[in-house]
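Commentary on secondary and tertiary structure
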Amino acid sequence: MKNNEKEKTLVIVESPSKAKTINRYLGKDFIVESSKGHLIDLPKSKLGVDIEHNFKPKYQVIRGKASILNNLKKKASQVKQIYLAADPDREGEAISWHLANALKKINSNIKRIIFNEITKNAIKEAVSNPKDIDINKVNAQQARRILDRIVGYNLSPLLWEKVKRGLSAGRVQSVALKLICEREEEIENFKPEEYWSIEAIFHKEKNKKEFTVRLAKYNDKKIES
């Protein structure tokens, strides 16, 4: 390791292509690496949510991504501080949170930076104003992910068996399907009833204009329309 390496800042973004551009903008005092999206998530082969204990998620390193995480850990041990620069949305916040938890034992000097465009000014501005991770966004992403898993994990295999393999039964698809089924049930249960609307056209003798009236009562009883 070079003598001045410990004075550098590690910036972690999601996209490898972004990493190259950002590295040019920030210069030699920064090392820019990519996580290539999520590195840690719920397991694919099991539910991964402890329903009996407040729906606690059971995260693990995504298969095939351990080498990326190990590389980031190595880089984290060689720098002064770490800036997490994942995308400015809930997924990006969750990626940053998982990275922070994975790297903090190696280097606890971790901050979050956010920029909405890949320009030199926007990136310089973000680096000048590091923040803490927004735990509310993280919790929002976790809630969405856990709900997806609870709804879809047991229901999706049924779709594969009855409809087509590969279909997803997540929180959005399931609700949409429920609405469609309820509407179809209403259509099937609808019982048509015959009714008539009686209208008459009258002429005004004075100005010869026509006007239309509809029968509203018969024998003092209101006619249902």
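Since the structure is predicted, the reported quantities are computational estimates derived from the model, not experimental observations. (Residues numbered from 1 in each chain as written. Predicted model: local features only at pLDDT ≥ 70, side-chain atom pairs only at ≥ 80, totals over all residues. Heavy atoms only, no water.)

1. Topic: the packing of aromatic side chains
The following threshold applies: Within 6.5 Å between ring centres, the rings of Phe, Tyr and Trp (the latter by its six-membered ring) count as paired, and their orientation is classed by plane angle as stacked under 30 degrees, edge-to-face over 60, tilted in between. Counting from the N terminus, the helices are DSSP H or I runs at least four residues long and the strands are E runs at least two residues long. For every residue, the accessible area obtained with a 1.4 Å probe (protein chains only) is divided by the maximum for its type, and the residue is called buried under 20%, exposed over 50%, and partly exposed between those limits.
For the structure on display, the rule yields two aromatic pairs. With a centroid separation of 6.4 Å and 75° between ring planes, the pair formed by Tyr 59 and Trp 97 is classed as edge-to-face. Of this pair, Tyr 59 sits in the loop between strand S5 (56–57) and strand S6 (60–61) while Trp 97 is found in helix H3 (residues 90–103), placing the two residues 38 residues apart along the sequence. By relative accessible area, Tyr 59 is classed as partly exposed at 25%. Taking the centre distance of 5.7 Å and the plane angle of 20° together, the rings of Phe 202 and Phe 211 count as stacked. Looking at Phe 202, the relative accessible area reads 40%, which means it is partly exposed.

2. Thoughts on the sheet that holds strand S1 (residues 9–13)
Operational definition: The criterion for strand pairing is that DSSP finds at least two bridges linking the strands in question. Axis angles are defined between N-to-C directions and span 0 to 180 degrees, where every axis is a line fitted to C-alpha atoms and, for a helix, only to the segment in contact. By definition in these notes, contact holds between two residues if any of their heavy atoms fall within 4.5 Å.
Strand order in the open sheet formed by four strands is S2-S1-S7-S8, with parallel pairing between adjacent strands. Each edge of the sheet is formed by a strand with only one pairing partner; in this case those strands are strand S2 (30–34) and strand S8 (110–112). Strand after strand, the sheet turns through a mean of 25° between neighbouring axes, direction not considered. Looking at chain direction, S1 and S2 are connected through five bridges and run parallel. Bridge pairing in S2 places Val 13 opposite Ser 34. Across the sheet, helix H1 (residues 16–26) is in contact with S1 and S2; its angle to S2 comes to roughly 170°.

3. Points about unusual backbone geometry
One non-glycine residue, Lys 36, lies in positive phi territory at about 55°. Among the structural elements, Lys 36 can be located in the loop between S2 and strand S3 (40–41). Unlike most non-glycine residues, Phe 55 shows phi in positive territory, near 55°. Tracing the backbone through its elements, the reader meets Phe 55 in the loop between strand S4 (49–50) and S5. Residue classification places Phe 55 among the partly exposed positions, given a relative accessible area of 41%.

4. Here we look at the pattern of salt bridges
Heads up, the rule is: The salt bridge definition used is simple: a Lys or Arg side-chain nitrogen within 4 Å of an Asp or Glu carboxyl oxygen.
Counting across every chain of the model gives 11 salt bridges. Across the pair Lys 18 and Asp 87 runs a salt bridge whose closest N-O atoms are separated by 2.9 Å. Taken as a pair, Lys 18 in helix H1 and Asp 87 in the loop between strand S7 (81–84) and H3 lie far apart in primary sequence, 69 residues in all. On the basis of relative accessible area, Lys 18 is assigned to the partly exposed category, the value being 28%. Residues Asp 29 and Lys 28 are paired through a salt bridge, measuring 3.8 Å at the closest nitrogen-oxygen approach. Taking relative accessible area as the criterion, Asp 29 reaches 44% and is therefore assigned partly exposed. When salt bridges that share partners are traced, they join Glu 91, Arg 144 and Asp 148 into one network.

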